[in-house]
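Descriptive structure summary
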Amino acid sequence: MKLLNLGCGHKYVKDAHWINADMDPASADVQQCNFLNGIPFPDNQFDLVYHSHVLEHFQQKDGAVFIRECFRICKPGGMIRIAMPNLEVIAREYLNALDKAAVGDTKAAADYDWMLLEMYDQTVRNSSGGAMLQYLTQPELPNPDFVFRRIGGGGRKWREQFLQQASGEATKPSKLALALKNPARAWDKIYDAFLRIVLGKKRFQYYQTGKFRNGGEIHQWMYDRYSLERLLTSVGFTQVKVQTAQTSYHPNWASYQLDDPEENASIFIEAIKP
Ligand SMILES: C[S@@+](CC[C@H](N)C(=O)[O-])C[C@H]1O[C@@H](n2cnc3c(N)ncnc32)[C@H](O)[C@@H]1O
């Protein structure tokens, strides 16, 4: 079996069957590549091509090229599995919270605020984490049950770790340790310091905004079960099926623990290359 995890971030399986790739590799086990330049593998290579929370980071036209590339590298009979924010559910949750907040339900008002962050902050932010980070790191979350039902156990763990570091209970990795772990990023910071002098404050800010917005964090397009099926079939995939975090055409998918069954923000969809 040959399996590929595109845009794996920190979430990947380290074994002989898997290849993991990302523009910003989290470790030496991850191959560096920018999918906007194509996916650097030969035709008909993989039994399974997986990406989680990656497609929404491409503009719509680049997303279509990316999915075509996924089709090209899949073996005939192989499958694609996509996990990504579910626009349909975001819209329904937003409308539900709006209806309640508008008639004075103060608890729903917090849910409404959170849904706006899911819908807009991830697209319009100009710095890492954006307003969502500020919301998640408040000392008291107004609606933890709702937020963690949306983003799952990973989000809860991340918040706990952040608060422990902020209070000094847990140690934050030093800047030197981070630089040694990722020398490319350290060089980038040195280059930026140089550009700041050359460009001056205002122009440097414009440059930084552009760099951030092209850096892979923000959402450039959103999809739902209808537009994803249309996109997958348009490049030749068949047998499109909406799955859950635990279900798959792949019999042992849940054993890889790549998709969080506790979160409700994602759509999981699969299709087969005929
Ligand atoms: C939101 S993270 C998702 C990480 C992981 N798959 C997960 O589900 O937690 C998006 C990942 O896609 C990567 N990425 C975004 N644009 C990319 C591109 N053009 N080429 C390669 N990787 C990209 C980012 O570096 C980041 O690791």
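Here's a quick rundown of the structure. Since the model is a prediction, treat every value here as computed from it, not as a measurement.

Across its 23 residues, helix 5 (residues 144-166) extends only 19 Å between first and last C-alpha, which sits more than 12% below the 33 Å expected from 1.5 Å per residue. Where helix 5 bends most, the angle comes to about 120°, and this point is Gly152. Among the residues of helix 5, Phe146, Val147, Phe148, Arg150, Gly152, Gly153, Gly155 and Arg159 are the ones counted as buried. In this structure, the buried residues of helix 5 make contact with helix 2 (87-101), helix 3 (106-124) and helix 4 (130-136). The positive-phi residue at the C-terminal boundary of helix 5 is Gly168, with phi of around 85°.

A separate point is the site of the ligand. In the neighbourhood of the ligand, 16 residues make up the surrounding shell, with Gly7, Asp22, Asn34, Phe35 and Ser52 lying closest. Residue Asp22 places a side-chain N or O atom 2.6 Å away from an oxygen atom belonging to the ligand. One nitrogen or oxygen atom from the side chain of Asn34 is found 2.8 Å from a nitrogen atom belonging to the ligand. Protein contact buries 81% of the 590 Å² of open area that the ligand shows by itself.

Approximately 200 Å³ is the volume found for the second largest pocket. For the second largest pocket, the lining is made up of 15 residues, of which Gln243, Thr244, Ser266, Ile267 and Phe268 are closest to its centre. Partitioning the lining of the second largest pocket into residue classes produces 6 nonpolar, 6 polar and 3 charged.

Before going further, it helps to spend a moment on the pairing of strand 1 (residues 3-6). In regular strands, side chains alternate between the two faces of the sheet. Residues of strand 1 alternate between two faces, with Leu3 and Asn5 on one and Leu4 and Leu6 on the opposite face, all of them buried. Of the pairings in the sheet, the one linking strand 1 to strand 4 (residues 46-52) comprises 4 bridges and is parallel in character. Counterpart to Asn5 in the pairing with strand 4 is Tyr50.

Glancing now at the nonpolar core. By size, the foremost hydrophobic cluster in this structure holds 30 residues, and its most contacted members are Leu6, Leu55, Phe66, Ile67 and Phe237. Looking at this core, the elements with two or more residues in it are strand 1, strand 4, helix 1 (60-73), strand 5 (74-85), helix 9 (225-235) and strand 7 (266-272). Sorting elements by how many residues they give to this core places helix 1 first, with 5 residues. Those residues in contact with Leu55 that sit more than four places away from it in its chain are Gly63, Phe66, Ile67, Met84, Tyr223, Leu228 and Leu231. In this structure, Ile90, Ala110, Met132 and Val147 belong to the second largest nonpolar core, which totals 13 residues.

What follows is about the pattern of salt bridges. All chains considered together, the criterion is met by 15 salt bridges. Between Glu270 and Arg81 there is a salt bridge whose closest N-O contact spans 2.7 Å. With Glu270 in strand 7 and Arg81 in strand 5, the pair connects residues that are 189 residues apart, well separated along the chain. Between Arg92 and Glu88 there is a salt bridge, and its shortest N-O distance comes to 2.9 Å.

Another point: the sheet that holds strand 7. Here 7 strands make up an open sheet; going across it, the order is 3-2-1-4-5-7-6 and the pairing mixed. Each edge of the open sheet carries a strand with a single partner, namely strand 3 (30-32) and strand 6 (238-243). Taken pair by pair, the neighbouring strands of this sheet meet at an average axis angle of 20°, ignoring direction. The sheet contact formed by strand 2 (residues 18-22) and strand 3 spans 3 bridges and is parallel. Opposite Ala21, over in strand 3, you have Gln31 as the bridge partner. Docked against the sheet, helix 9 engages strand 5, strand 6 and strand 7, running at close to 25° with respect to strand 7.

On to helix 7 (residues 183-199), then. The periodicity of an α-helix, 3.6 residues per turn, causes residues three or four positions apart to be oriented the same way. Helix length check: helix 7 (17 residues) gives 24 Å between terminal C-alpha atoms against 24 Å at 1.5 Å per residue, within 8%. Trailing helix 7 by a residue or two, Gly200 shows a phi angle of about 85°, which is positive.

Each value, and the rule that gives it
Residues numbered from 1 in each chain as written. Predicted model: local features only at pLDDT ≥ 70, side-chain atom pairs only at ≥ 80, totals over all residues. Heavy atoms only, no water. Helix = DSSP H or I, 4+ residues; strand = E, 2+ residues; numbered from the N terminus. Expected span 1.5 Å × (residues − 1). Bend = angle between axes of the 7 residues up to and from the residue. Buried < 20%, exposed > 50% of the residue type's maximum accessible area, 1.4 Å probe, protein only. Contact = heavy atoms within 4.5 Å. Near = heavy atom within 4 Å. Polar contact = N/O pair within 3.5 Å; in protein donor to acceptor, adjacent residues only side chain to side chain. Areas by Shrake-Rupley, 256 points an atom, 1.4 Å probe, with all protein chains shown as cover. 1 Å grid on protein atoms, 1.4 Å probe; cavity = no way out; pocket = protein on both sides within 12 Å on 5 of 7 lines; lining within 4 Å. Points joined across faces, edges and corners; volume = space filled by probe spheres on them. Nonpolar A, V, L, I, M, F, W, Y, C, P; charged D, E, K, R; others polar. Pairing = 2+ DSSP bridges. Core = buried A, V, L, I, M, F, W, Y, C linked by side-chain atoms within 4.5 Å. Salt bridge = Lys/Arg side-chain N within 4 Å of Asp/Glu carboxyl O. Axes fitted to C-alpha atoms, helices over the stretch in contact; angles between N-to-C directions.

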